[in-house]
Every structure is written in structure tokens, then in C-alpha cells.
Amino acid sequence: MDGPDVLDLWDLCVREHADEPALVTPRQALTYRSVDRLTDAWAGSLAGRGAGPGRLVGLAFTDPGRTVLGMVAALKAGAGFTVLDDRLPAAARASLVRRTEAAVWLGDGAHAPATAYVPAGTAGTGGGPADADGSAARRRAAGSDVAYVLFTSGSTGQPKGTVIERGSLRRFAVGVAERLELAPGDRWLQVASLGFDVLVEEVFPAFVAGAAVVCRADTQALDAEELHTTMARTGTTVVELSTQYWLEYARWLDARGLTTPAELRLVVVGGERMDPRPYREWQARQPARLAHVYGLTECTVSSTFYTGLLPADAEEVPLGTPLRDVEISIRRDGRPVPQGESGEIHIGGPLLARGFLGDEATTARRFVPDPLAAAPGARVYTTGDLGRIDTDGHLVFLGRLDDQVKIRGHRLEPARVERALCEDPAVDQAVVFPDPRNGTALWAFTVPADPRHAPLPGEAVRLTGPERDALVAPLEAHLPDWAVPRVLYRVSVLPKNPHGKIEKRRLSDWVTARATAGSGGPAQAPGTAEIPDAPGTAEAPGTAVEPRLRDEPLSTVVDLFREVLGAPGIGPDDDFFEHGGQSLLAMRLLARLRESFPAAAGLRASALLRCPTPRLLAGALAAGEAARP
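Residues numbered from 1 in each chain as written. Predicted model: local features only at pLDDT ≥ 70, side-chain atom pairs only at ≥ 80, totals over all residues. Heavy atoms only, no water.

**A few points about the packing of aromatic side chains**
Part 1: Across all of its chains, the model carries 19 aromatic pairs by this definition.
Part 2: Ring plane angle 40° and centroid distance 6.5 Å describe the contact between Tyr279 and Tyr306, whose orientation is recorded as tilted. Placement of the pair is Tyr279 in helix 9 (residues 276-285) and Tyr306 in strand 13 (residues 304-306), with a sequence separation of 27 residues.
Part 3: The class of Tyr279 is buried, set by a relative accessible area of 0%.
Part 4: Members of the aromatic cluster, connected to one another through ring pairs, are Trp246, Tyr249, Trp252 and Trp282.
Part 5: Above the face of the Tyr117 ring, Arg49 is positioned so that its terminal group lies 3.6 Å from the ring centre. (Phe/Tyr/Trp six-rings, centres within 6.5 Å; stacked < 30°, edge-to-face > 60°. Helix = DSSP H or I, 4+ residues; strand = E, 2+ residues; numbered from the N terminus. Buried < 20%, exposed > 50% of the residue type's maximum accessible area, 1.4 Å probe, protein only. Lys NZ or Arg CZ within 6 Å of the ring centre and 35° of its normal.)

**Observations regarding the nonpolar core**
Part 1: Core analysis: the largest hydrophobic core is formed by 82 residues, its most contacted members being Phe81 and Phe204.
Part 2: Once you skip the residues sitting within four places of it in the chain, Phe81 turns out to touch Leu56, Val57, Leu59, Met71, Ala74, Leu75, Ala147, Tyr148, Val149, Val200 and Phe204.
Part 3: The next biggest cluster of nonpolar side chains, apart from the first, holds 32 residues, and it includes Val214, Met231, Ala250 and Ala288. (Core = buried A, V, L, I, M, F, W, Y, C linked by side-chain atoms within 4.5 Å. Contact = heavy atoms within 4.5 Å.)

**What about the confidence of the model for the chain?**
Part 1: In this model, the chain carries a mean pLDDT of 85, and residues with pLDDT of at least 70 account for 88%.
Part 2: Predicted confidence for residues 123-135 stays below pLDDT 50, and this span has 20 contacts to residues more than four positions away or in other chains.
Part 3: In this model, residues 518-551 is a region of pLDDT below 50 whose contacts with residues beyond four sequence positions or in other chains number 54 contacts. (pLDDT = per-residue confidence, 0-100.)

**Section: the sheet that holds strand 24 (residues 427-434)**
Part 1: The mixed open sheet is built from 4 strands, whose spatial order is 24-25-27-26. Whereas interior strands pair on both sides, the edge strands pair on one side only; in this sheet they are strand 24 and strand 26 (461-462).
Part 2: Strand direction decides the pairing type here: strand 26 and strand 27 (residues 487-490), joined by 2 bridges, are antiparallel. Of the residues in strand 27, the one forming a bridge with Val461 is Arg490.
Part 3: The sheet contacts of helix 11 (residues 414-422) involve strand 24, strand 25 (442-448) and strand 27, and relative to strand 24 the element is tilted by about 150°. (Pairing = 2+ DSSP bridges. Axes fitted to C-alpha atoms, helices over the stretch in contact; angles between N-to-C directions.)

**Structural notes on the pairing of strand 7 (residues 161-165)**
Part 1: Here strand 7 lies mainly inside the structure; 4 of its 5 residues are buried.
Part 2: When strand 6 (residues 146-151) meets strand 7, the two strands line up antiparallel, connected through 5 bridges. Note on strand 7: the bridge partner recorded for Phe151 is Gly161.
Part 3: Of the pairings in the sheet, the one linking strand 7 to strand 18 (residues 355-356) comprises 2 bridges and is antiparallel in character. Pairing of Val163 across the sheet is with Gly355, part of strand 18.

**Thoughts on the sheet that holds strand 1 (residues 21-24)**
Part 1: Read from one edge of the open sheet, 9 strands run 2-1-9-8-10-11-12-13-14, paired in mixed fashion. With partners counted over all chains shown, the strands left at the sheet margins are strand 2 (29-31) and strand 14 (321-322), one partner each.
Part 2: Where strand 13 and strand 14 come together, 2 bridges link them in antiparallel fashion. Counterpart to Thr304 in the pairing with strand 14 is Pro322.
Part 3: The strands touched by helix 6 (residues 198-208) within the sheet are strand 1, strand 8 (187-189), strand 9 (212-214), strand 10 (238-242), strand 12 (289-294) and strand 13, with strand 9 carrying the most contacts at an inclination of about 145°.

**Observations concerning the pattern of salt bridges**
Part 1: Under the definition given, this model contains 30 salt bridges.
Part 2: For the salt bridge of Arg166 with Asp5, the shortest nitrogen-to-oxygen distance reads 2.9 Å. In this pair, Arg166 is assigned in helix 5 (residues 166-179) and Asp5 in the segment before helix 1 (6-16), connecting sequence segments 161 residues apart. Neither Arg166 nor Asp5 differs from the other in exposure class; each is buried.
Part 3: Between Arg332 and Glu341 there is a salt bridge, and its shortest N-O distance comes to 3.7 Å.
Part 4: On the basis of relative accessible area, Arg332 is assigned to the partly exposed category, the value being 40%.
Part 5: Taken together, the shared-partner salt bridges connect Arg256, Glu563, Arg592 and Glu595 into one network. (Salt bridge = Lys/Arg side-chain N within 4 Å of Asp/Glu carboxyl O.)

**Section: the packing of helix 1 against helix 6**
Part 1: Taken N-terminus to C-terminus, the directions of helix 1 and helix 6 make an angle of 55°; their axes are 8 Å apart at the nearest point. One finds that helix 1 runs oblique with respect to helix 6. For the pair helix 1 and helix 6, the contacting residues are Val6, Leu9, Trp10 and Cys13 in the first and Phe204, Phe207 and Val208 in the second.
Part 2: Its residues assigned to classes, the contact of helix 1 with helix 6 comprises 7 nonpolar, no polar and no charged. (Parallel < 35°, antiparallel > 145°, perpendicular 65-115°, else oblique. Nonpolar A, V, L, I, M, F, W, Y, C, P; charged D, E, K, R; others polar.)

**Things to note about the side chain of Asp574**
Part 1: Relative to the assigned elements, Asp574 resides in the loop between helix 14 (553-565) and helix 15 (583-596).
Part 2: We note that Asp574 is buried and unpaired, the nearest opposite charge coming from Arg462 at a distance of 7.5 Å.
Part 3: A polar contact of 2.8 Å, which involves the side chain of Asp574, links it to the backbone nitrogen of Gly571. (Lys, Arg positive; Asp, Glu negative; His and termini not counted. Polar contact = N/O pair within 3.5 Å; in protein donor to acceptor, adjacent residues only side chain to side chain.)

**A look at the environment of Asp402**
Part 1: Topologically, Asp402 is positioned in the loop between strand 21 (395-400) and strand 22 (405-407).
Part 2: Assessed through its relative accessible area of 33%, Asp402 is described here as partly exposed.
Part 3: Distance in space between the C-alpha atoms of Asp402 and Gly384 is 6.9 Å, their sequence separation being 18 residues.
Part 4: Excluding anything up to four places from it in sequence, Asp402 contacts Gly384 and Glu413.

**Thoughts on helix 9**
Part 1: Pro276, Pro278, Tyr279 and Trp282 are the residues of helix 9 that are buried.
Part 2: Residues of helix 9 that are buried make contact with helix 8 (243-256), strand 11 (266-270), strand 12 and strand 13.

**Topic: the environment of Val472**
Part 1: One can find Val472 in helix 12 (residues 465-478).
Part 2: When the C-alpha atoms of Val472 and Leu488 are compared, they prove to be 9.0 Å apart, with 16 residues separating the residues in sequence.
Part 3: When neighbours within four sequence positions are excluded, Val472 is seen to be in contact with Val484, Pro485, Arg486 and Leu488.

Listed below in C-alpha cells is the structure:
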């Protein structure tokens, strides 16, 4: 027999906190009563167009607030929801729209399907064609009906649509609210990409606890300064950040001698392995507590949380203990290992997904019968993650059992990108791995099909201009931004060890050797140009260009590009993204620019898309400065 639905818990909060804020946007704060009436109206519209139990409602808004309203409205119509990320390439979006077969689409962005619409009655306009208690709009759904379908990163090929049921969503929301001690006074800032499963964690635990969800004006990423000021302005008490995003924010706070906003009490961090050093430093300096989280889309977002103080001798930041209704075990060859020994992390319990949309074979391979469970028909999810349970009962992550890597919180099978590169007839072999300097972007090394185009053995030649663009363009058309290599090299051979494994360290060494060859310091990257010396200045041969003419914008901007990208050879016309730049590094660059240029105060990360070189960006800053009153 089904237990209470997630909407039963919503109704309870509407009764008990009717006049308290539920959804806070830059334009207004909507109470639980207002959101309830508005989503009842939307649900009635959806039901009239065919939404109901077992069907999906697609959401394609660029407004996070409307996306949240659509999620609740879809559930009220008895349907599940899926969210289309506006940052996906057009081909990937079209594939997801086709595969979900949604009964109806809501949305108003340029990325929305042609049939998408916005229901009558928008935020702030009051109710709609529904009774005060919402009974006219509601369609009762079972706990086994679909709550949502969100897509994984497609680490091994086509992204997989993960089907989560309503009962799992309800249990998850209650478990997170309980573990994080959410209360009606809390405000959770929504910062995740709208197609990412963390969105579910930012919304439903808050709603079942009577707390408020705080939304941004759009889907553009907030840099560290914007994040800080937004949290302070909105009274945010809880925020969830990817590991790399959190590190950027921590670095920004330390550089300015600041602490977290007064109201912020908890920062949830996860997505990839955590270094104990910055974790301890944060705990020593910042008033906001940390919660380290681990989970997978296939297991309803998060499964474990660690909220304690990290011991001084800890060599890893634990992943913590499981939520209520989550079962964690460490197994080797299907059998449990003794506590403290390593093995594959298995996740069981009622929070497991139903499976993958339209892919019974992969579902059967990853969601396997659990012979150790007492309940008949119980399943367990094989994560592919290596871990152990420490003496305190906490789960500790030890790496992957396969070749998957994590890029900015997303899982990626490098072979997927390597295959795409090798589809170019000019490429014979390719290998892809994270930038060893910071791990937030991908490097690609290619072996040309024509040996005449190969460099000398032991050399790595940087690809630039049209040659690089020809390789990257097909990837950008089908892969998300974070999965596209931004720095590409050509080599004569992919070096291998005696076991046949490619030696990625040797490839990195070849890059370093080329950068330092023939000089006493870092050499200029291929295709870059020096900034001309100022009149009357000279530079010792073989030294890197140092900052000069500090009142000259171009010189300062070039220096900041070099610093942020870790590339001393960057010149005035080198492209930020071609040298490994991505959203997190863009945040860092903007923060540094604001320290030097008053005109940079209002810049968003999107400015780098229009002005990706130091020369273009310096020109834009100069124009902005001239326009200042």
C-alpha cells in the first residue's frame, strides 16, 4: 500500500505555513498559499492537455522560478516532469525531447520545443481555474508512478534518462530535510543547472520542511562575488555547490579576508573527491558549516552526507552515512567485505530509480537483484565507485573501478570523446584526460592519420585556429560544454607502459618540455605574440614578460589571463577557451578583473564569449570606463 505522496507533505506545509515564503525570486516573494493556487491553475491547464499519471511534462524555461512552479504543477496533474537544459547543443536537446515523449511542454526560452507554452496566470497574478483547495486540478497518482526523468551525463554514450518514482522522491525529500535539519525559516538558494539532478535536492527537501527556495533571475552561472552578494541579499541559509565551485568561492573569500554571510548556516558540497586541506581551512575560518555529499542520479540524487568536523589526521573527507531508506554496502565479486576493506560501493533501498528510460538492457545490468536483502525482489545499484567503511561507520570514496573521470561534477567516460575525435578522417588515435593543473577542463592528444603531419617523437604540438576548430566543432554540436576538450595537441604516438596502458603523465611531460625548451623560463605558447615593450624599457633575454605600464589595460588583462589559465605564454590575441578556459576559471578571471578595473563591476561570465581574447576584453573594459559618468 502506498504511503503519503510528496504532495501530501506539500499540502501540510500550505496549511501550516500559508503566509510564509515558499518561492523567492528577484521580483517577488510568493507565499505557500500563492504558490499553491498558482500551481493548481497550471496543473489544471496541463491536465486539460493530456498530462496525467504515467506521462511526462517537459519544462524548458530560462527562468528558474517558473521551472520550480512547473515541477510542482506537473506533480499536481499526476504526471512526472523532465527539464531541458538550455545550455545543451541543439542536437542533444532535440534527442532528449524526442526520447521523453512528453505529453505537453511548458517553456518560453529559445531552446523550448515549438509546442511549448506558458499557462495563463504567471507568478504574482494570483489564482486560476481551480478550487481554493486545489481539488479541481489534482489527479491522484500512485507511489510507483513517475515523478521525474532526468538525464545522466551519458558517460559511455547516449545520455541515459533516469526514471524516479513518486515514492522515492517523497522518501528522499524527507530524508534530506531530516539530515540537514531544515526548518520553515530556512532559505535554500537554487544554483544548479536546471537539467542537473541537484535541482531536485534544492527544491523538494525545502518544500516538505516549510522552507523557501530562492531563485536567480536566469540560468547564467553566478561567479563567486555574485554568489556571495546574492546570498547576503536574500538571507540564504543553505546552498549546494559543486566541489570546484566551492573551492572558487573559498578562494575568493580568503583573498578578501571575508567570511560567509551572516544568515548562511550550511554549505553542501559534492560531485567529486574532496581534498582534506581546504575542508579543514574552511572549518577553521568560516562560520557556515559544511556537509559533504555523495550520490548518483540513479539513486535519487544524494545517498550519504558527512556533517561532522574533520579530524586533524584524516587523509580523506568521508562521504558520511546514508540517509534514512538508503542502504550502503561494500562488495567484492558480489560479496560483502569486512569493515575497512575496499570494494565497489553498492546502493540499495527504496530510493533506487525504476531504471533507464527505454533501455531495459542497461537497467538490468546496473540495477541487479540483491541476494543479500531480506525483502523479496530487492535490487541494488552497482555504482562502479571504489570505497570502504571507516571505523566510525562513514563511507570513504577511493576512486573509480573503470576509466571514468569527473569534470565539474559530471561523470565522463573519456572513450566517448575519444571516439568522437577519431571520427575525423585526419585523426588516427586520440586520448582525453583532465587538465593535470586543475582538473576542471579536458585535454586531448591526437595522432594524425597521415604520418607526414606528425611531430617529432616526444613532442606535443598545440593545435590552434582553424585546425583546432575543425576538431572541436563536431563535438560542440553533440556534447555538453564540459565534455568538450578545450586544449588539443598533436603527437606522433600515444606512449604506453608495458601493460599497454597509455602513459598520460608522459604526455603531460611532453607539453611541459615544449613550454620550457630553449629558455630559462616558460616559453611562449605556439601562435601567441608578445606585448610590445613600453618606450624606454628593456627585458632580459629569456625571461617571461612581467607586468608593465600598470595603467595600460591590455597589459593587465594579459597578465590576468596568464595567471588564471596558468599559461605564461598567453598573448593579446589568444582565446581564453582555446587555452583551457571554462566557466569556473571564467569566474576567477572576472573576480581578478574587478580588482583592477571599475568598469568590470557589472561583467558576467558571458562577456568572455563575446570578448575571449585579452585585446577584445581590454577594449570592452576601456569602452565601459569611457562611458562611466
